Amino acid sequence: MKVLAVGGGAREHAIVSGLARSGADIFVAMKNRNPGIARIAKDTFYVDEMDVAKVVEYAKEKSVELAVVGPEAPLEVGLADGLESAGIPTASPCKDAARIETSKIFMRNLMREHGLKGSVRFVEAHTIDEVESGLDELGNEVVVKPTGLTGGKGVKVFGEHMMTKEDILRYSEEIISNRIGGSKIVLEEKLVGEEFTLQAFCDGTRILPMPAVQDHKRAYEGDKGPNTGGMGSYSQSDGLLPFLTRGDYDQAVSIIEQTVGALKKEGAPYKGTLYGQFMLTKDGPKVIEFNARFGDPEAMNVLTLLRGDFVKICQGMADGNLANGLNQFHRKASVCKYVVPAGYGSKPLAGEEIKVDEKGISDEGAVLYYSSVNEKDGKVYTTTSRSVGIVGVSDEIYEAERIAENAIKHVSGNVFVRHDIGKRTMLEAKVVRMNDIRGCSK
Ligand code: AMP
Ligand code: GLY
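Residues numbered from 1 in each chain as written. Chains lettered and ligands numbered in written order. Predicted model: local features only at pLDDT ≥ 70, side-chain atom pairs only at ≥ 80, totals over all residues. Heavy atoms only, no water.

Draft legend 1. Structural context of the overall build of the protein chain. Per the secondary structure count, the protein chain includes 15 helices and 24 strands. Rg of the C-alpha trace for the protein chain: 21 Å, near the compact-globule value of 22 Å for 442 residues, within the 12% margin. Expressed as a percentage of its 442 residues, the buried residues of the protein chain come to 57%. A separation threshold of at least 6 residues defines the contact pool for the protein chain, and within that pool the share at least 24 residues apart is 68%. Of the roughly 17000 Å² that the protein chain leaves accessible, carbon and sulfur atoms contribute 47%. Between the mean site of the 56 positive side-chain charges and the mean site of the 63 negative ones, the protein chain shows a separation of 2 Å. (Helix = DSSP H or I, 4+ residues; strand = E, 2+ residues; numbered from the N terminus. Rg over C-alpha atoms; globule rule 2.2 N^0.38 Å. Buried < 20%, exposed > 50% of the residue type's maximum accessible area, 1.4 Å probe, protein only. Contact = heavy atoms within 4.5 Å. Areas by Shrake-Rupley, 256 points an atom, 1.4 Å probe, with all protein chains shown as cover. Lys, Arg positive; Asp, Glu negative; His and termini not counted. Charge placed at Lys NZ, Arg CZ, Asp CG, Glu CD.)

Here's what the structure looks like:
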């Protein structure tokens, strides 16, 4: 089977590795030369991934039989629509369905209008006057979001990034006047709890959920500092998390199911991986956001553990006939840590050479996924985004963490890592905090 994969980050390296394990011949359209992907692919096309016409032309020329799009930005400009119109079944959503990610206001309105569980109180604002009246309705304990795509970095939270009403108004003004993420704003009630990710394979009607994962968006240890694309993530062998019960997990599955149902009713059936970012609150899981794709780094956790045939899963999503039972995963824990350029989160240092000792990493028993690096003349250079993801897999999270940590020593250069991700002290503190929030000592 000839499969097109679009994108050149670590998420796509994990996608391409999964497809290759299922025996596909892989053709890749990406903008940078990701050395891990380039090695697996049968053919690579270096192109602006947003250039729908060029990517579709390439896919037709190579007679690909199936496509998977990694990042969200090409979905927003209709890459899945273009591929499907050219007769190429695509395991990623069309533009209308991708609005679940690309328009935060579409997502919130969909949930409200269909009365879905997991909804939060929110107000849409286009002017500062509307922001002020929104604050009268919701109070100051809010989160301010530009409604469009900002690469996960446009959100500010009261009590963390904004301390006073004046701060909220100042940031709102900045969004409106600088047209950040489209210049419109969603004010949401601030949720308190632990965040987790639940991803599901969807075929327009049915969903097959994956193990839950917890990402760490903050740049620095102790969940401090600016929001990033994600610094690392972990999953537990039973598919739950130390603070997440089976009941919580099932509620999140049901919210994703309802959302896919609502999209179908709206005439925008959702095909592809749907990513739910949830806050586990004292009242159960609430939706923070949806993404129209795999998470990055979460893709590295789940795809490393996937036992089911990934090509069959992608075909099932694209064709609308996802068979039950394909979502089988090794019953192991995983810990993924991102190595990022110095300054990542504020002023990342691009163009720095890093040394990656691939043999050293595999000798530690870890899996390496290259991210947004560029390979030139056999050397690997940083960009402004994350550099490499390293995944440890074992029965226990702490053992998987140790494997990942040992492997990270084989990456050198002007880079940093969040060493606390997956460590016992951090996880135990999360369990205590969640029990406090639930008001129990489970
Ligand atoms: P997003 O880009 O929507 O994923 O938001 C980035 C981060 O902001 C999330 O991972 C949360 O940590 C935080 N956040 C977003 N929405 C809320 C909310 N309603 N309540 C509390 N925190 C939030
Ligand atoms: N892990 C966050 C994201 O993929 O958006």
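Draft legend 2. Seen up close, the site of ligand 2. Around ligand 2 sit D215, K217, G229, Y275, N291, R293, G295, D296, P297 and E298, and those are all the residues in its vicinity. Y275 is positioned with one of its side-chain polar atoms (N or O) 3.4 Å from a nitrogen atom of ligand 2. In the environment of ligand 2, an oxygen atom lies 3.3 Å from a nitrogen or oxygen atom belonging to the side chain of N291. Relative to its free-state accessible area of 200 Å², ligand 2 is covered by the protein chains to the extent of 92%. Of the residues in the shell around ligand 2, the class split is two nonpolar, three polar and five charged. (Near = heavy atom within 4 Å. Polar contact = N/O pair within 3.5 Å; in protein donor to acceptor, adjacent residues only side chain to side chain. Nonpolar A, V, L, I, M, F, W, Y, C, P; charged D, E, K, R; others polar.)

Draft legend 3. Here's a closer look at the site of ligand 1. As a matter of local geometry, ligand 1 sits amid 14 residues, with K145, E188, L191, E195 and E289 nearest to it. L191 places a main-chain nitrogen or oxygen 2.8 Å from a nitrogen atom of ligand 1. When the free accessible area of ligand 1 is taken as 480 Å², the share hidden by the protein chains comes to 95%. Listed by contribution, the elements that provide at least two residues to the shell around ligand 1 are β6 (142–146), β8 (185–189) and β16 (284–291). Here the residues of the shell around ligand 1 are counted per class, giving five nonpolar, one polar and eight charged.

Draft legend 4. The sheet that holds strand β20 (residues 373–376), seen in detail. What the four strands build is an open sheet, ordered β20-β21-β18-β23; its pairing is antiparallel. Strands with a single pairing partner mark the edges of an open sheet, and in this sheet they are β20 and β23 (411–412). In the sheet, strand β18 (residues 353–356) pairs with β23 via two bridges, with the strands oriented antiparallel. Note on β23: the bridge partner recorded for K355 is S412. (Pairing = 2+ DSSP bridges.)

Draft legend 5. Highlighting the side chain of R11. Its location among the elements puts R11 in helix α1 (residues 10–21). Classification of R11 as buried rests on a relative accessible area of 7%. A polar contact is formed between the side chain of R11 and the side chain of E12, at a distance of 2.9 Å. Excluding anything up to four places from it in sequence, R11 contacts G70, P71, E72, R293, F294, G295, D296 and A299.

Draft legend 6. Fine view of helix α15 (residues 424–438). Across its 15 residues, α15 extends 21 Å between first and last C-alpha, which sits within 8% of the 21 Å expected from 1.5 Å per residue. Of the residues making up α15, those classed as buried are M426, L427, K430, M434, N435 and I437. Immediately downstream of α15, the backbone of G439 shows phi near 70°, a positive value. (Expected span 1.5 Å × (residues − 1).)

Draft legend 7. Quick peek at the pattern of salt bridges. In this structure the tally under the stated criterion is 33 salt bridges. Two residues, E358 and R39, come together in a salt bridge whose shortest N-O distance is 2.9 Å. Placement of the pair is E358 in helix α13 (residues 358–363) and R39 in helix α2 (residues 35–40), with a sequence separation of 319 residues. Looking at R39, the relative accessible area reads 51%, which means it is exposed. One network of salt bridges, with partners in common, ties together E194, D223, R418, D420, K430 and R433. (Salt bridge = Lys/Arg side-chain N within 4 Å of Asp/Glu carboxyl O.)

Draft legend 8. Structural context of the nonpolar core. In terms of nonpolar packing, the biggest core is built from 60 residues, with L4, L83, I100, F196, I256 and F290 touching the most fellow members. The biggest single contributor to this core is helix α10 (residues 246–265), with eight residues. For L4, the residues in contact, after removing those within four places along its chain, are F27, A29, V55, Y58, A59, V64, L66, A67, V68 and L83. (Core = buried A, V, L, I, M, F, W, Y, C linked by side-chain atoms within 4.5 Å.)

Draft legend 9. Highlighting helix α12 (residues 310–319). Taking burial as the measure, the ten residues of α12 include seven buried ones, the bulk of the element. Among all positions in α12, only F310, V311, I313, C314, G316, M317 and A318 are buried. Packing partners of the buried residues in α12 comprise α1, β4 (66–69), β9 (194–203), β15 (271–281) and α11 (298–305). Capping the start of α12, D309 holds a side-chain oxygen 3.0 Å from the backbone nitrogen of V311, two or three residues further along.

Draft legend 10. Quick peek at unusual backbone geometry. For the bond from D296 to P297, the omega torsion is 25°, close enough to zero to count as cis. Examined against the element boundaries, P297 turns out to sit in the loop between β16 and α11. Its identity as a non-glycine residue notwithstanding, D223 has a phi of 55°, on the positive side. Among the secondary structure elements, D223 is positioned in the loop between β12 (218–220) and β13 (224–227). Of the residues examined, D223 reaches a relative accessible area of 30% and is grouped as partly exposed. With a phi close to 50°, D377 is a non-glycine residue in the positive phi region. For D377, the location among the structural elements is in the loop between β20 and β21 (379–382).

Draft legend 11. Structural context of the sheet that holds strand β1 (residues 2–6). If you walk across this open sheet you meet the four strands as β3-β2-β1-β4, and the pairing is parallel. At either end of the open sheet lies a strand with only one pairing partner, and these are β3 (43–46) and β4. Strand-to-strand, the axes of this sheet are offset by a mean angle of 15°, without reference to chain direction. Relative to strand β2 (residues 25–30), β1 runs parallel, the two sharing five bridges. By the bridge assignment for β2, A5 is matched with V28. (Axes fitted to C-alpha atoms, helices over the stretch in contact; angles between N-to-C directions.)

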